[in-house]
Amino acid sequence: MACLLAYILIFSLIFAPCLASELKREHCHKECQEVLNKHERNHCERMCLEKEGEEEEEKQEEKSPFLFDEQSFKHWARSEQGYFKVLERFSKKSPWLIGIENYRVGVIEAGPRTFIMPNHWDAAEVFFVINGKGVISILMGENRESYDINEGDVMRVPTGAQVYLINKDDEEKLKIASLIIPISTPGRFKEFYAVGGKDKGSFLGSFSKGVIETSFNVDSEEVLRLFEQENRESMVKATEEQISAISKHSEGGGTPWPFAQSRKPFNLLKRRPACSNKHGELHEVNANDYQQLRDLNIDVSVANITKGSMMMLHYNTEGTKIAYVMRGRGYFEMACPHISSQKHQREREQYQSVRSELSPGKVIVIPAGHPIASIASRDEGLQILCFGIRAENNQKIFLSGKNNVWRKMEKEAKELAFRRSEREVDKILNAQSEQVFGPGPEKSRKEENNGQGFAEF
């Protein structure tokens, strides 16, 4: 009897949630069938399907190897003045991401009038200023270079340089997203602080007294008292006078001219968009524009998608994109052959739909060859920053819109591929007059259904 009761308990724990979910779906559709008005009944059915889609999306989001949320970041430094956090290693989440093992994503936010202590990394860095303004100073050998940085600036920080930052604004936070490329161990890097504090001790404390005294020609205790400051944060408030003094010799950023090996920031948002219409705009910078990106084989882009619009179906030929959601909300859909269900593997080859909500702070990995569409919500636009890896020979191939790749096919090739006449094929392929950006699914559905409302994603 005890064994039977235990079996019933285990069965209920495992299967009860699934049965409850299934009964809930059946009840929803049953209620819709009782609605007499055809339009209201159709709307009710759509609401049921959308709820089911949201449940399925939550399950996919949990298992998706391509999506990282706030919990995937670890804070390396945090104080009242700001934080520095780093995304977990990509390959830690999934073996499908082993190809980008040697890349990390970091985000730094510094409050108004905050100074960030000097440190160096065993990694190269390419960063983008999400908002705010400040000054970055780079110490290399006997030289110091200081540059103004503003929203939209892209900049490379050389490996091993001593770097310090200051947010010179009295009110706005300085926020920066970085692509980090370790040089020693794939996917692993460290900060090295000479001036220690609460979060990080000084690396000078690792050396013997004899080495310190000989190196500085000063008593080792005096040296360590200078560099080891246990009560000091890695981010501290600065006075207006200190900010003014640090900013005094900084150079303005913007587009380097002529296109030399300048370390000056390149402002991505001030250049003419690669594509722009009422549904969105795409800003891009690569090694041809900013030579500091050349040996890293990286490009940087920002897509601004207006509310209710989408970036149309496309894929990248060689580049993998690491996308960081800066502002707004929406969702993305992507086709992936790697995570197909076992059921599909037993039948003909299918593609798993990867679909998830997008909100500020989320990171998506878009592998080469994977078709994707990004859609902004009806109520607010969507701004996405992309770091492109293996960028040199990459091309963006659009599958829909005025510039879709199919339109270049010969008449005979179209008829052989689609088993319809060229006229019928072109009627479908040429129906969308916009390119790159276009109306989102919600706008299209509203028009098709004479303005009937839909639930927000």
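Each remark here, short or long, concerns the structure printed above.
Rules of the game
- Chains are numbered independently. Their residues run from 1 in the order of the written sequence.
- Residues qualify for local features only when their pLDDT is at least 70, as the model is predicted, and side-chain atom pairs are given and counted only at 80 or more; totals for whole chains, interfaces and linings, by contrast, use all residues.
- Hydrogens and water are ignored here; the side-chain numbers use all heavy atoms of the structure.
- For the purposes of this entry, the term helix denotes a DSSP run of H or I that reaches at least four residues, the term strand denotes a run of E that reaches at least two, and both are numbered from the N terminus.
- Buried means the residue's accessible area, taken with a 1.4 Å probe over protein chains only, is under 20% of the maximum for its type, while exposed means over 50%, and partly exposed covers the values in between.
- Only heavy atoms enter the contact rule, under which two residues are in contact if any of them lie within 4.5 Å.
- The method behind every accessible area is Shrake-Rupley, applied with a 1.4 Å probe, and residues are considered shielded solely by the protein chains displayed.
- The pairing criterion for strands is at least two bridges between them, as found by DSSP.
- Side-chain atoms alone can form a polar contact between residues adjacent in sequence; in general such a contact is a pair of N or O atoms within 3.5 Å, and within protein one must be able to donate a hydrogen while the other accepts it.
- By definition, no residue in a patch forms a salt bridge, and every one has over 30% relative accessible area; like charges are joined within 9 Å, nonpolar side chains (Val, Leu, Ile, Met, Phe, Trp, Tyr) within 5 Å.
- Each reported salt bridge corresponds to a side-chain nitrogen of Lys or Arg within 4 Å of a carboxyl oxygen of Asp or Glu.
- The pairing test for Phe, Tyr and Trp rings, Trp by its six-membered ring, is centres within 6.5 Å, and the orientation test on the planes gives stacked under 30 degrees, edge-to-face over 60, and tilted for anything in between.
- A ring has a charge above it when a Lys NZ or an Arg CZ is no more than 6 Å from the ring centre and no more than 35 degrees off the ring normal.
- Axis angles are defined between N-to-C directions and span 0 to 180 degrees, where every axis is a line fitted to C-alpha atoms and, for a helix, only to the segment in contact.
- Put simply, angles under 35 degrees are roughly parallel, angles over 145 are roughly antiparallel, angles from 65 to 115 are roughly perpendicular, and the rest are oblique.
- Residues are grouped as follows: nonpolar covers Ala, Val, Leu, Ile, Met, Phe, Trp, Tyr, Cys and Pro; charged covers Asp, Glu, Lys and Arg; every other residue, Gly included, is treated as polar.

1. A closer look at the overall build of the protein chain
When its secondary structure is counted, the protein chain shows ten helices and 26 strands. Sorting the 457 residues of the protein chain into buried and exposed places 45% on the buried side. Of the contacts made within the protein chain by residues no fewer than 6 positions apart, 74% connect residues no fewer than 24 positions apart. Carbon and sulfur atoms make up 50% of the accessible area of the protein chain, which totals about 24,900 Å².

2. Observations regarding the sheet that holds strand S24 (residues 382-389)
The sheet built from seven strands is open, its strands ordered S1-S22-S19-S24-S17-S16-S15 with antiparallel pairing. Of all the strands in the sheet, just strand S1 (67-68) and strand S15 (275-277) have a single pairing partner and so form its edges. Relative to strand S17 (residues 298-305), strand S16 (residues 280-285) runs antiparallel, the two sharing six bridges. Looking at S17, one finds that leucine 282 is bridged to alanine 303.

3. A short note on the side chain of lysine 85
Of note, lysine 85 is situated in strand S3 (residues 82-87). There is a polar contact of 2.9 Å between the side chain of lysine 85 and the side chain of glutamate 70. Leaving out residues up to four positions away in the same chain, lysine 85 has contacts with Glu70, Phe73, Lys74, His75, Trp76, Val105, Gly106 and Val107.

4. Some thoughts on a nonpolar patch on the surface
The grouping of Val405, Trp406 and Phe418 at the surface amounts to a nonpolar patch, some 240 Å² of accessible area in total. Along the chain, tryptophan 406 falls in the loop between strand S25 (396-398) and helix H8 (411-418). Given a relative accessible area of 33%, tryptophan 406 falls into the partly exposed group.

5. Here's the deal with the pairing of strand S22 (residues 363-366)
Going residue by residue along S22, you find Val363 and Val365 tucked away on one face and Ile364 and Ile366 tucked away on the opposite face as well. As paired elements, S1 and S22 share two bridges and run antiparallel to each other. Note on S22: the bridge partner recorded for phenylalanine 68 is valine 363. Of the pairings in the sheet, the one linking strand S19 (residues 320-328) to S22 comprises four bridges and is antiparallel in character. Counted as the bridge partner of alanine 323 is isoleucine 364 from S22.

6. Overview of the sheet that holds strand S11 (residues 174-182)
Pairing within the open sheet is antiparallel, and its seven strands lie in the order S2-S3-S4-S11-S6-S9-S14. Each end of this open sheet is capped by a strand with a single partner; those strands are strand S2 (73-79) and strand S14 (266-267).

7. Focus on the packing of aromatic side chains
The geometry of an aromatic ring pair is captured by the separation of the ring centres together with the interplanar angle, meaning the angle of the planes. Scanning all chains against the criterion turns up nine aromatic pairs. Between tryptophan 76 and phenylalanine 84 the ring centres are 6.0 Å apart and the planes differ by 85 degrees, which places this aromatic pair in the edge-to-face class. Summarising the burial analysis for this pair, tryptophan 76 and phenylalanine 84 share the class buried. Ring plane angle 55 degrees and centroid distance 5.9 Å describe the contact between phenylalanine 216 and phenylalanine 227, whose orientation is recorded as tilted. Linking phenylalanine 216 in helix H4 (residues 209-216) with phenylalanine 227 in helix H5 (residues 220-227), this pair joins segments that are eleven residues apart in sequence. With relative accessibility at 38%, the residue phenylalanine 216 sits in the partly exposed group. Residue classification places phenylalanine 227 among the buried residues on the basis of a relative accessible area of 17%. If you follow lysine 85 out to its NZ or CZ, it ends over the ring of phenylalanine 73, 4.8 Å from the centre.

8. Observations regarding the packing of H4 against H5
Packing of H4 against H5 leaves a shortest axis separation of 8 Å and a crossing angle of 85 degrees. Looking at the two axes, H4 sits roughly perpendicular to H5. On the side of H4, the interface is formed by Lys209, Ile212, Glu213 and Phe216, while H5 contributes Ser220, Glu221, Val223, Leu224 and Phe227. Here the contact of H4 with H5 is built from residues that sort into five nonpolar, one polar and three charged.

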